[in-house]
Amino acid sequence: MKLVIAEKPSVANSIAEVIGANDSTGDGYRSGNGYIVSWCVGHLIELSEPASYGEQYEKWTYDSLPIIPDSFSYEVKNDTIKQYKVLSELMMRDDVESLVCATDAGREGELIFRLVYNKVGCQKPFERLWISSMEESSIREGFNNLKPGREFDHLYESALARQKADWLVGINGTRLFTVLYNKLLKVGRVQTPTLAMLVDREMKINDFKKETYYIAHILGNGIDAVSEHIGDKSQADSVAKECKNEQATVTSVVKEEKKISPPRLYDLTTLQRDANRLFGFTAKQTLEYTQNLYERKLVTYPRTDSQYLSDDMEETAKNVIEAIFDSTLFDQDIMFNPAVDQVLNSKKVTDHHAIIPTVEIVKQDLKEVPVGEIKVLSLCANRLLCATASRHIYNSTKAEFNCKGNIFKVSGKEVISNGWKDFDDIFKKKYKTTEEKTETDDVNKLPDLTEGMNILVEDTRVSEHYTQPPKHYTEDSLLAAMDKAGSENMSDDVERKGLGTPATRADIIEKLVKDGFVKREKKQMIPTDDGIKLITILPDVVKSPKLTADWENELAQVSKGEVAEESFMEEITQMVGNLVATYSSVSEEDKSLFKKDQEVFGECPKCGKNVVKGKYGAYCVGKCGMGFGRALGVTLSDAQVKNLLAGKKILVKGIKSKKGSVYDAYLTPTGIAPYSYTDSKGNEKNGFQYEYDMDFPKKK
């Protein structure tokens, strides 16, 4: 009997149907035909919290840092214990002779399976299912070509190193700077450098000084030629006036045929970028939509960083293209002879090939697929058509004119063959997408021009312009920046560039938003005040995109067996230790950096200190024990507290008597009186509260 372990129930069910494990009477698994098929629920097991390594780590203190375990311990997550027990029992069954790791074919999928396998203490042999599609044919082929599980040991080591490094940097960095600044400041190996890029862009935008410039135009014979930028308006007016009704001589004409190659197929990052640019989807939404499509068997594996298909997929690509034309994804009558060889390159395929639809798109009712998923599926289909189409070809003409000693320039464009842009135009028209125009958009065809010919300047004008600041990041441009981070300092043959992986970048962005360091404004990603302050106080070693990109490349080398896991972890451990040793204290002025001005409600009648608005209601900063949040069992509003402190009468509704009846009353503070109460732990405490004169509202 073979035990097959998938990553999710939906994937397990698809596999079970193909291999004949049709009996679903077991709780948490299916069986049949010599197989048991079960599943994880994402990450069943996680690294233990610091407190598990000793009582000294329970409280966040500088003296307890750095936290660097001699050996890392793991624990089962509370919400996955039930399924872990199912897997544990199945692994140890006497009739289970071997296992098949069928989790997602990538670094994190490998980690999910291995952690469970090791936690259970299983020593039975296991094989690896490595597939890029959930189609029946792909699953069958995968089971006919199972790989020895130990071939992926280096991939597992890379996953472990990634997980441990994130834990060490996150736990130590977060605790260190939280303790120093008395504010929860979350630090992450990848999210902090990503935030640093956002903050750097924001600083450049804030520091930008807008400048005005002018352009003089000469118009004639259907041509609108422009001068260089002119800083002074009177000078631009003078140039325009000087040239009106004069002859402009053509001094230069450059004609060139230009060809724009088709775009490559989608990897996850480029798919997320286009979905954000065209539909406004967040990176996380796009990943979720694509994962759902994968589990519906409608697209291939999404978490890929490759933009090519392997050389043996020529027939597959042709079949998918035919399926696209036969499905509801494409409803235009167009002749097309795809050049499939353009998307084939085994040397550029890593763990998985590019994302493309599957032939299932003609077998399933696409009307049942949610709108968001259909849009992503259409993107993938359109990209395959574009990538296998011909080049976009156009003639470019650039001409220069001399008029009264002033130089003017004009550009023109004439499309010779629209090529792959036919499919792009059809797609954008269908979904009514809008994009920012490029420099070559709306460039008209020029009349025939030759050097030495003269053009009558029929009219002139002057236009006013402003220099533009850098643009705020969108998720599209931020994903591009994360993908390229540090690459300018890396050679072309490095294993992996950038921050994080295609599979993790969406979660990194969401964490920054959730932690309050970044906010979304329409499509723009804007760092918050706390995000800017955090990057201001952090050292380069934890916020440098270049350094983090170097680590990501090293992790890729670990997965190939080119760098030892121990070597990578030694580097991380040393960095964490140096970080703690270097940043041991900050000034009182710096400590107040993250303090927010609290709203003052008034003066405490007992000690004279300020009463301020807190997270759980009003309180006295003097901590004298005076209570303000409630009156006769009713929670008071901010306005009521302010009026009480000012000695004013307030109306309190919903007061309950000892007999249970409910009434309203006007309360006027007359003084303060001591009282005692029992806190949530059963301890007797003393405090002070208002005494009131009570007046009842008249009944209508």
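Residues numbered from 1 in each chain as written. Predicted model: local features only at pLDDT ≥ 70, side-chain atom pairs only at ≥ 80, totals over all residues. Heavy atoms only, no water.

Draft legend 1. Quick look at the nonpolar core. The biggest cluster of nonpolar side chains holds 84 residues, and the ones touching the most others in it are M91, L99, V116, F177 and F568. Looking at which element gives the most residues to this core, the answer is helix α5 (residues 153-181), with 13 residues. Of all hydrophobic cores here, the second largest spans 67 residues; its members include I15, A21, I139 and A381. (Core = buried A, V, L, I, M, F, W, Y, C linked by side-chain atoms within 4.5 Å. Buried < 20%, exposed > 50% of the residue type's maximum accessible area, 1.4 Å probe, protein only. Helix = DSSP H or I, 4+ residues; strand = E, 2+ residues; numbered from the N terminus.)

Draft legend 2. Representation of the packing of helix α2 (residues 81-91) against helix α3 (residues 107-120) within the structure. Axis separation between α2 and α3 bottoms out at 10 Å; the angle between their running directions is 65 degrees. The way α2 lies across α3 gives a crossing that is right-handed. Along the contact surface, α2 presents Y84, L87, S88 and M91, while α3 presents V116, Y117, K119 and V120. Looking at the contact of α2 with α3 residue by residue, the class counts come to 6 nonpolar, 1 polar and 1 charged. (Axes fitted to C-alpha atoms, helices over the stretch in contact; angles between N-to-C directions. Left-handed = near helix turned anticlockwise from the far one by under 90°. Contact = heavy atoms within 4.5 Å. Nonpolar A, V, L, I, M, F, W, Y, C, P; charged D, E, K, R; others polar.)

Draft legend 3. How the structure looks around a nonpolar patch on the surface. A grouping of L632, M694 and F696 is seen on the molecular surface, where their side chains present a nonpolar patch of about 280 Å² in accessible area. Tracing the backbone shows M694 in strand β25 (residues 684-695). (Patch = residues over 30% accessible without salt bridge, like charges linked within 9 Å, V, L, I, M, F, W, Y side chains within 5 Å. Areas by Shrake-Rupley, 256 points an atom, 1.4 Å probe, with all protein chains shown as cover. Salt bridge = Lys/Arg side-chain N within 4 Å of Asp/Glu carboxyl O.)

Draft legend 4. Summary view of the pairing of strand β16 (residues 518-521). Bridging between β16 and strand β17 (residues 524-527) involves 4 bridges; their strand directions are antiparallel. Opposite R520, over in β17, you have M525 as the bridge partner. A loop of 2 residues connects β16 with β17, the two strands running antiparallel in sequence, and K522 in this loop sits at a positive phi of about 55 degrees. (Pairing = 2+ DSSP bridges.)

Draft legend 5. The arrangement of empty space enclosed by the protein in detail. Evaluation of the coordinates by the stated rule reveals 3 cavities of 30 Å³ or more. Estimated volume of the largest cavity: approximately 100 Å³. Along the walls of the largest cavity sit 13 residues, with L329, F330, N382, I426 and F427 positioned nearest its centre. When contributions to the lining of the largest cavity are tallied by element, the ones reaching two or more residues are α11 (371-387) and α12 (421-431). Considered class by class, the residues forming the lining of the largest cavity number 8 nonpolar, 3 polar and 2 charged. (1 Å grid on protein atoms, 1.4 Å probe; cavity = no way out; pocket = protein on both sides within 12 Å on 5 of 7 lines; lining within 4 Å. Points joined across faces, edges and corners; volume = space filled by probe spheres on them.)

Draft legend 6. Seen up close, the environment of V169. By secondary structure assignment, the location of V169 is in helix α5. Along the backbone, V169 and M575 are 406 residues apart, and their C-alpha atoms lie at a distance of 8.8 Å. In this view, V169 contacts T174, V187, G188, R189, I572, M575 and V576; residues no more than four positions away in its chain are not counted.

Draft legend 7. Quick look at the sheet that holds strand β18 (residues 600-603). Spatial strand order, β18-β19-β20: 3 strands in an open sheet with antiparallel pairing. Unpaired on one side and paired on the other, β18 and β20 (617-620) mark the two borders of the sheet. Averaged over all neighbouring strand pairs, the angle between strand axes comes to 30 degrees, with direction disregarded. In terms of strand pairing, strand β19 (residues 610-614) meets β20 through 4 bridges, oriented antiparallel.

Draft legend 8. View of the packing of α11 against α12. For the pair α11 and α12, the least separation of the axes is 9 Å and the interaxial angle reads 165 degrees. Classified by the interaxial angle, the pair formed by α11 and α12 is roughly antiparallel. Crossing of α11 over α12 shows right-handed handedness. Facing I374, K375, S378, L379, N382, L385 and C386 of α11, the residues of α12 in contact are F423, D424, F427 and Y431. Split into classes, the residues belonging to the contact of α11 with α12 amount to 7 nonpolar, 2 polar and 2 charged. (Parallel < 35°, antiparallel > 145°, perpendicular 65-115°, else oblique.)

Draft legend 9. View of the environment of I218. Among the structural elements, I218 can be located in strand β9 (residues 212-220). Once the C-alpha coordinates of I218 and D422 are considered, the two residues, 204 residues apart in sequence, prove to be 35 Å apart. Not counting chain neighbours up to four residues away, the residues in contact with I218 comprise I223, D224, A225, C243, A248, F401, F408, V457, D459 and T460.

Draft legend 10. Representation of the sheet that holds strand β1 (residues 2-6). Judged by pairing direction, the sheet is mixed, and its 6 strands sit side by side in the order β2-β3-β1-β6-β7-β8 without closing on themselves. At either end of the open sheet lies a strand with only one pairing partner, and these are β2 (29-32) and β8 (147-148). Where β1 and strand β6 (residues 98-102) come together, 5 bridges link them in parallel fashion. Residue pairing for β6: V4 is matched across the bridge by V100. Running over the sheet, α2 touches β1, β2, β3 (35-39) and β6 and is turned about 155 degrees from β3. Its contacts with the sheet put α3 on β1, β6 and β7 (126-128), and the angle it makes with β7 is roughly 170 degrees.

Draft legend 11. Representation of helix α1 (residues 9-19) in the model. V11, A12, S14, I15, A16, V18 and I19 are the residues of α1 that are buried. Buried residues along α1 sit against β1, β2, β3, β6, α4 (136-144) and α9 (283-295). At the C-terminal side of α1, G20 shows a positive phi close to 85 degrees.

Draft legend 12. Up close: the pairing of strand β13 (residues 406-417). The pairing of strand β12 (residues 392-403) with β13 spans 11 bridges and is classified as antiparallel. Each residue of the ladder has a partner; that of Y394, found in β13, is V415. Between β12 and β13, which pair antiparallel in sequence order, lie 2 residues; one of them, K404, sits at a positive phi of approximately 55 degrees.

Draft legend 13. Highlighting unusual backbone geometry. Look at the link from L65 to P66: it is a cis peptide, with omega at 0 degrees. With respect to the element layout, P66 can be found in the loop between β4 (45-47) and β5 (74-76). In this structure, N221 is a non-glycine residue whose phi angle is positive, near 55 degrees. By the element assignment, N221 lies in the loop between β9 and β10 (223-226). The phi dihedral of K623 is positive, around 50 degrees, even though this residue is not glycine. Along the chain, K623 turns up in the loop between β20 and β21 (630-631). Take K623: its relative accessible area is 76%, and that puts it in the exposed class.

Draft legend 14. Up close: a negative patch on the surface. The grouping of E46, E49, E75 and D79 at the surface amounts to a negative patch. Overall, the relative accessible area of 66% leaves D79 in the exposed class. (Lys, Arg positive; Asp, Glu negative; His and termini not counted. Charge placed at Lys NZ, Arg CZ, Asp CG, Glu CD.)

Draft legend 15. Spatial organisation of the pattern of salt bridges. Tallying each qualifying case throughout the model produces 43 salt bridges. A salt bridge links K183 to D530; the nearest nitrogen and oxygen atoms lie 3.5 Å apart. With a gap of 347 residues between them, K183 in the loop between α5 and α6 (191-207) and D530 in helix α15 (residues 529-537) connect regions that are remote in the sequence. Its salt-bridge partner being K204, residue D200 comes within 3.4 Å of it at the nearest N-O pair.

Draft legend 16. Local environment of the packing of aromatic side chains. Counting across every chain of the model gives 22 aromatic pairs. Geometrically, the ring pair formed by F279 and F427 is edge-to-face, given 6.2 Å between the ring centres and 65 degrees between the ring planes. Taken together, the residues span a long stretch of sequence, with F279 in helix α8 (residues 268-279) and F427 in helix α12 at a distance of 148 residues. As far as the burial class goes, F279 and F427 line up, both buried. On the numbers, 5.0 Å between centres and 45 degrees between planes, the contact of F427 with Y431 is tilted. One end of the pair is F427 and the other is Y431, both in helix α12 and 4 residues apart, which spans about a single turn. For the pair F427 and Y431, a shared accessibility class is recorded, and that class is buried. Counting every residue linked through ring pairs, the aromatic cluster contains F279, F281, Y289, F427 and Y431. One Lys or Arg, R201, reaches over the ring of Y473 and ends 4.1 Å from the middle of that ring. Seen from the ring of Y666, K649 lies directly overhead, with NZ or CZ sitting 4.8 Å from the centre. (Phe/Tyr/Trp six-rings, centres within 6.5 Å; stacked < 30°, edge-to-face > 60°. Lys NZ or Arg CZ within 6 Å of the ring centre and 35° of its normal.)

By themselves, these figures tell us nothing about what the structure is for.
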